[in-house]
Amino acid sequence: MKLLATLLVAALAALGAQRFGSARAARSPGAATDTMDLDQVVARAQELRRENERLAREIERRTSLLATSPAPADEVGEVEIAAALERWRAAHPEEVQAAAARKIERTTRTAPGEVDLASIPMLELVQTLSRSSLTNFERQELFQKLREAGRIDEYVAAIEKLAAEDPENADLQVALGNAYLQKLFAVGNTPEAGKWAPLSDSAFDRALELDEENWGARFSKAVSLSNWPAFLGRGPEAIEHFEILLEQQATQPKQEQFALTYLFLGNMQQAGGERDKAIATWRAGLELFPDMDGLRQALAGAEASGTTERPADR
């Protein structure tokens, strides 16, 4: 706007200069007006003065109009920009949420210890925690911080709402079961714990009803059952689910998470006194996942105990 006003002033000034130049040329030597008497000179000077005053008033008027006119399109203020951004956000909620989730995930990867979960909307946290790109360690660390921030109940409520809105979604049932487990971890070894374990198990069962090959549902259920008190007798059921997972994994493209099935199943077999089976399970896992440190350490520990002879080909 200042640039436009400057150009206007310059243009009007140039017009005045042009007219003054014309009058001056009329008085130049050799011109036809050389015979102009004093009265004519005075009259011409007064005419030029009036013209200059008129030009000054016109400059003032146009400058005032510029000051009160709306800003041109290329000078939109911050208020207009903010309003336009809010309109876009309202029209694209999924993109906004996805962008926020990516931001949280990047923050988690670069400085997981500095994430302030108290200020992040719960829906964005739910989306972030559900992303497969998070490692198990990163996800568990976020859950730990969620418990420390006192937001587990809020998280459980958010997952319950999503699962209720889409009851045929097996993945949401898995998320619901894991949410109940997080609540179980939060209450610890208290009478309240007896409420959340069955709720979690039921959610995993519902997920398997919807999709019997849902790896996350079966694995989470098996791991959960493996941690139930021994007197409840759920150990054999956990082993059965791990064995079903091995059968299903054999027909699917290999995934790194499949190594955990061998690790946990071997752990349960060893805990049940079946060391030979445990070693065979861990070895089978290492054949497929040679970089899995947990399997290597479990096998090394069992073999170092000397309770089972190593085969000659090992």
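Quick look at the structure, then. (Residues numbered from 1 in each chain as written. Predicted model: local features only at pLDDT ≥ 70, side-chain atom pairs only at ≥ 80, totals over all residues. Heavy atoms only, no water.)

As for the overall build of the protein chain
Working step 1: What the protein chain contains, in helices and strands, is 14 helices and zero strands.
Working step 2: Evaluated residue by residue, the protein chain yields a buried proportion of 34% over its 314 residues.
Working step 3: Considering only intrachain contacts with a sequence separation of at least 6, the fraction spanning at least 24 residues in the protein chain is 54%.
Working step 4: Of the roughly 19,300 Å² of accessible surface on the protein chain, 55% is carried by carbon and sulfur atoms. (Helix = DSSP H or I, 4+ residues; strand = E, 2+ residues; numbered from the N terminus. Buried < 20%, exposed > 50% of the residue type's maximum accessible area, 1.4 Å probe, protein only. Contact = heavy atoms within 4.5 Å. Areas by Shrake-Rupley, 256 points an atom, 1.4 Å probe, with all protein chains shown as cover.)

Here's the deal with the nonpolar core
Working step 1: Formed by 57 residues in total, the largest nonpolar core has its most connected members in L146, Y155, F242, W282 and L295.
Working step 2: Tallying contributions element by element places helix α8 (residues 170-187) first for this core, with nine residues.
Working step 3: If near-sequence neighbours (up to four positions away) are discounted, W282 is found in contact with Y262, L263, G266, N267, Q270, L295, A298, L299 and A302. (Core = buried A, V, L, I, M, F, W, Y, C linked by side-chain atoms within 4.5 Å.)

Describing helix α9 (residues 193-210)
Working step 1: In this model, α9 (18 residues) spans 27 Å end to end at C-alpha, consistent with the 26 Å of a helix rising 1.5 Å per residue.
Working step 2: For α9, the full list of buried residues reads A193, W196, A197, S200, D201, A203, F204, A207 and L208. Seen along its axis, α9 keeps its buried residues to an arc of 155°; they face one direction. Residues of α9 that are exposed and point over 90 degrees away from its buried face: G194 and E209.
Working step 3: Here the buried face of α9 lies against α8, α10 (215-226) and α11 (235-249). (Expected span 1.5 Å × (residues − 1). Arc of directions from axis to C-beta.)

Quick notes on the packing of helix α5 (residues 122-129) against helix α7 (residues 152-165)
Working step 1: Packing of α5 against α7 leaves a shortest axis separation of 10 Å and a crossing angle of 75°. Taken together, the axes of α5 and α7 are roughly perpendicular relative to one another. On α7, the residues that touch M122, V126 and L129 of α5 are E154, Y155, A158, I159 and L162.
Working step 2: Residue classes in the contact of α5 with α7 are distributed as seven nonpolar, no polar and one charged. (Axes fitted to C-alpha atoms, helices over the stretch in contact; angles between N-to-C directions. Parallel < 35°, antiparallel > 145°, perpendicular 65-115°, else oblique. Nonpolar A, V, L, I, M, F, W, Y, C, P; charged D, E, K, R; others polar.)

Here we look at the environment of V126
Working step 1: Among the secondary structure elements, V126 is positioned in helix α5.
Working step 2: V126 sits in the buried class, given a relative accessible area of 7%.
Working step 3: Sequence separation between V126 and L162 is 36 residues; the distance between their C-alpha atoms is 10.0 Å.
Working step 4: When sequence neighbours within four positions are dropped, the list of residues in contact with V126 reads Y155, A158, I159 and L162.

Description of the pattern of salt bridges
Any two side chains of opposite charge can pair, on the condition that their charged atoms come close.
Working step 1: Enumeration over the complete set of coordinates arrives at 13 salt bridges.
Working step 2: Between R151 and E154 there is a salt bridge; the shortest N-O distance is 2.9 Å.
Working step 3: Of the residues examined, R151 reaches a relative accessible area of 9% and is grouped as buried.
Working step 4: R234 is paired through a salt bridge with D201; the nearest N and O atoms lie 3.2 Å apart. Pair noted here: R234 is in the loop between α10 and α11 and D201 is in helix α9, with a separation of 33 residues, a long-range link. Across the pair, D201 and R234 agree in class, each one buried.
Working step 5: Sharing partners across several salt bridges, the network here consists of D201, D205, K221, R234 and E237. (Salt bridge = Lys/Arg side-chain N within 4 Å of Asp/Glu carboxyl O.)

Quick word on the packing of helix α12 (residues 258-271) against helix α13 (residues 275-288)
Working step 1: With their axes 7 Å apart at the nearest point, α12 and α13 run at an angle of 170° to one another. Taken together, the axes of α12 and α13 are roughly antiparallel relative to one another. Of the residues in α13, those in contact with Y262, L263, L265, G266, N267, Q269 and Q270 of α12 are R275, K277, A278, T281, W282, A284, G285 and L288.
Working step 2: Taken together, the residues that form the contact of α12 with α13 break down as seven nonpolar, six polar and two charged.

Brief notes about the packing of aromatic side chains
Working step 1: Summed over all chains, the structure comprises eight aromatic pairs.
Working step 2: Ring geometry for Y180 versus W196: centroids 5.6 Å apart, planes at 40°, classification tilted. You can see Y180 sitting in helix α8 and its partner W196 sitting in helix α9, a full 16 residues away along the chain. Each member of the pair, Y180 together with W196, is buried.
Working step 3: On the basis of an interplanar angle of 85° and a centroid distance of 5.5 Å, the ring pair of F219 and F264 is categorised as edge-to-face. (Phe/Tyr/Trp six-rings, centres within 6.5 Å; stacked < 30°, edge-to-face > 60°.)

So, the side chain of K221
Working step 1: Of note, K221 is situated in helix α10.
Working step 2: Under the relative-accessibility criterion, K221 is labelled buried at 1%.
Working step 3: Reaching out from K221, the side chain makes a polar contact with the side chain of D205 at a distance of 2.9 Å.
Working step 4: Not counting chain neighbours up to four residues away, the residues in contact with K221 comprise D201, F204, D205, L208, R234, E237 and H241. (Polar contact = N/O pair within 3.5 Å; in protein donor to acceptor, adjacent residues only side chain to side chain.)

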